[in-house]
Amino acid sequence: MKINFSSLIISFIFTGCLSSIPTLQERKESLSALSNKDFTQVNIQTSSFALFSLQKAPNNCKNKDLKVYIEGDGLSWITRTTISANPTPITPTALELMNQDASECKVYIARPCQYINSNECSKKYWTSNRFDEKVIKSFDEALSNLKDNYKNRSFTLIGYSGGGAIVTLVASRREDINMLITVAGNVDILKWTTIHNISRLNESLNPADYTKGLENIKQYHLIGKEDDVIPKEVFLSYLSKFENKDNITYKYYDATHNCCWNEPYKKFLEELKLR
């Protein structure tokens, strides 16, 4: 018997009492405290959503590789039966990862409706439809917008958690992706729902169905040894869909889903000389 989808999600995201959930303003302040003063908030307008981003002046990135960090699912549920009114994360983990990266050319993009209030923000976009065509198209358009502004040659996409699904799906449809990196990434959502015996995200696209478009892209996947939210079997299922696995590298780290990725990610960048 399948269990209630919302019951499991809230157990992943938040285990304290309702009163201790930070307000939306407090979550925005948390991001501001983590933001480098050289970065400015830019809302990237796409055909479907305005996507919150943090960007530096594009002066030094012409004909270079631009790293784009994409946030996880955020605060989707606030109780076992109540969907959050706004999915802005309590901790912007993808921004914390970007802060470990000394690269000059980098951008942070939140997921639809995170840090932004909009009439287009239906709750389905942080639940059943979090990876649907409309969402993926918006990130594809956002990358094209960045390329117009930065004049960069290519992109390295880095996605945390559900952001891992976003970056793989977007990469599968573009020709300018230099590298793909996921951290605790949800790269096979069918396997994920099967493992946890929860309702399928039938309105969402599944990265594992698009491996043909990813085989020629260099990929790195960082997996938490103690990650009970997105366990290693999710990645291994994704990996099994590839006929050619030559471009895929993965490694296990002493981390859970939410903790503690900053130091391992910093060392990963140093080892690959990507900082």
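Right above here is the structure, for reference.
Just so it is clear, the structure is predicted and the values come from calculations on it, not from any experiment. (Residues numbered from 1 in each chain as written. Predicted model: local features only at pLDDT ≥ 70, side-chain atom pairs only at ≥ 80, totals over all residues. Heavy atoms only, no water.)

## Some details on the environment of Ser240
In step 1: Along the chain, Ser240 turns up in helix H7 (residues 232-240).
In step 2: Since its relative accessible area comes to 47%, Ser240 is described here as partly exposed.
In step 3: It is 25 Å that separates the C-alpha atoms of Ser240 and Tyr265, two residues lying 25 residues apart in sequence. (Helix = DSSP H or I, 4+ residues; strand = E, 2+ residues; numbered from the N terminus. Buried < 20%, exposed > 50% of the residue type's maximum accessible area, 1.4 Å probe, protein only.)

## Thoughts on the nonpolar core
In step 1: Residues Val68, Ile109, Leu146 and Leu157 are the most contacted members of the largest nonpolar core, which totals 47 residues.
In step 2: Secondary structure elements with two or more residues in this core: strand S3 (65-70), strand S4 (106-109), helix H4 (133-150), strand S5 (154-160), helix H5 (162-171), strand S6 (177-183), helix H6 (189-195) and H7.
In step 3: Considering each element in turn, this core owes the most residues, seven residues, to H4.
In step 4: Setting aside anything within four residues of it in sequence, one finds Ile109 in contact with Ile44, Leu51, Phe52, Ser53, Val68, Tyr69, Ile70, Glu71, Phe139, Ala142 and Leu146.
In step 5: One finds Leu31, Leu95, Ala255 and Trp261 within the second-largest nonpolar core, a separate group that totals 28 residues. (Core = buried A, V, L, I, M, F, W, Y, C linked by side-chain atoms within 4.5 Å. Contact = heavy atoms within 4.5 Å.)

## Considering the packing of aromatic side chains
Aromatic ring pairs are defined here through the distance separating the ring centres and the angle between the ring planes.
In step 1: Enumeration over the complete set of coordinates arrives at ten aromatic pairs.
In step 2: Seen from their ring centres, Tyr69 and Tyr265 are 6.1 Å apart, and the 85° between their planes marks the pair as edge-to-face. You can see Tyr69 sitting in strand S3 and its partner Tyr265 sitting in helix H8 (residues 262-271), a full 196 residues away along the chain. This pair shows no difference in class: Tyr69 is buried, exactly as Tyr265 is.
In step 3: Members of the aromatic cluster, connected to one another through ring pairs, are Phe235, Tyr238, Phe242, Tyr250 and Tyr252.
In step 4: Above the face of the Phe49 ring, Lys134 is positioned so that its terminal group lies 5.9 Å from the ring centre. (Phe/Tyr/Trp six-rings, centres within 6.5 Å; stacked < 30°, edge-to-face > 60°. Lys NZ or Arg CZ within 6 Å of the ring centre and 35° of its normal.)

## Some thoughts on the side chain of Asn152
In step 1: If you trace the backbone, Asn152 turns up in the loop between H4 and S5.
In step 2: Residue Asn152 is classed as buried on the basis of its relative accessible area of 4%.
In step 3: At 2.8 Å, the side chain of Asn152 and the backbone oxygen of Ser154 are in polar contact.
In step 4: Beyond its immediate stretch of four places on either side in the chain, Asn152 contacts Cys61, Asn63, Lys64, Leu66, Leu146 and Lys147. (Polar contact = N/O pair within 3.5 Å; in protein donor to acceptor, adjacent residues only side chain to side chain.)

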